[in-house]
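An overview of the molecular structure
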Amino acid sequence: MPKCPHCNYELTLLERRRKYKCSKCSKLFPQIEIETKDFVEFNKRQRKLDEEALTEQKLKQLELDKFVKKQAQIQRKAKMEELRPIKFQEYYKLNKEKILAKQKIFRHENGQRINLRHRILHRLNIEERRQLSRINAWRNKNRLLTADITKNGLFSFYNTESDDIMPTSSLSYLL
Ligand SMILES: [Zn+2]
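Now for a quick tour of the structure. Per chain, the residues get numbers from 1 upward, laid out in the order the sequence is written. A pLDDT threshold of at least 70 governs which residues receive local features in this predicted model, and a stricter bar of 80 or more applies before side-chain atom pairs are shown or counted, although totals over entire chains, interfaces and linings include all residues.

1. Concerning the overall build of the chain
Heads up, the condition is: Under the scheme used here, helices are H or I runs from DSSP no shorter than 4 residues and strands are E runs no shorter than 2 residues, and both carry numbers assigned from the N terminus. Each residue is classified by how many other C-beta atoms fall within 10 Å of its C-beta atom, where C-beta atoms are placed from the backbone; a count of 20 or more means buried, 12 or fewer means exposed, and values in between mean partly exposed. Any residue pair is listed as a contact if its two C-beta atoms, each placed from the backbone, are within 7 Å.
Along the chain, the regular secondary structure elements total five helices and three strands. N-terminal to C-terminal, the α/β element order of the chain is β-β-β-α-α-α-α-α. Taken over 175 residues, the chain has a buried fraction of 2%. Across the chain, every contact between residues at least 6 apart in sequence was considered, and the portion connecting residues at least 24 apart equals 13%.

Put into structure tokens, the structure is as follows:
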């Protein structure tokens, strides 16, 4: 109900005259003026209420979020406590099918990539193995050469020091 701008008493609408009349101070106000003013104030009040409700809602939501977060944290912690004593082997035993299924899916999805990687590694390994055997052959040759020189008396260092350089296996070839 609109109020009188002068005495704040309730106004009565005189419909035919399109005016509001205050029954206390008997003043008349154009209907449009009062209603516009009233509407503006109503809006203002409503906005304020909405804002308050929104703030309250926000606070409630924040509290709810906090609660949910805390609950999740508690559950996570409980689950970790529960899993802690289970060793991997036991875990594997309990979840074997799940783990194997996951591995199968992974292989299926990445099979081509894995195969290519294995092929490249194999090729790289061949080269590495060849290099290693070449180095070993060269080392062995050096050892035998050293042993040969020692045997012929060019160097007389057959003591504990040379044991480190010449393994007896390389010397057995000469015997
Ligand atoms: Zn009045």
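The discussion continues.
2. Some details on the sheet that holds strand β1 (residues 11-14)
Using the following cut-off: Any two strands with at least two DSSP bridges between them are considered paired. Axes, fitted as lines to C-alpha atoms, cover a helix only where it is in contact. Angles between the N-to-C directions of the axes lie from 0 to 180 degrees.
Overall, antiparallel pairing links the three strands, which are arranged β1-β2-β3 in an open sheet. Taken across any chain shown, the strands that pair with only one partner, and hence form the sheet edges, are β1 and β3 (28-30). Averaged over all neighbouring strand pairs, the angle between strand axes comes to 30 degrees, with direction disregarded. When β1 meets strand β2 (residues 19-22), the two strands line up antiparallel, connected through four bridges. Counted as the bridge partner of Leu13 is Tyr20 from β2.

3. Some thoughts on the environment of Lys3
Within the element layout of this structure, Lys3 appears in the segment before β1. For Lys3, a count of 16 C-beta atoms within 10 Å translates into the label partly exposed. Distance in space between the C-alpha atoms of Lys3 and Tyr20 is 9.6 Å, their sequence separation being 17 residues. Lys3 has contacts with Asn8, Tyr9, Glu10 and Leu11, leaving out every residue within four places of it along the chain.

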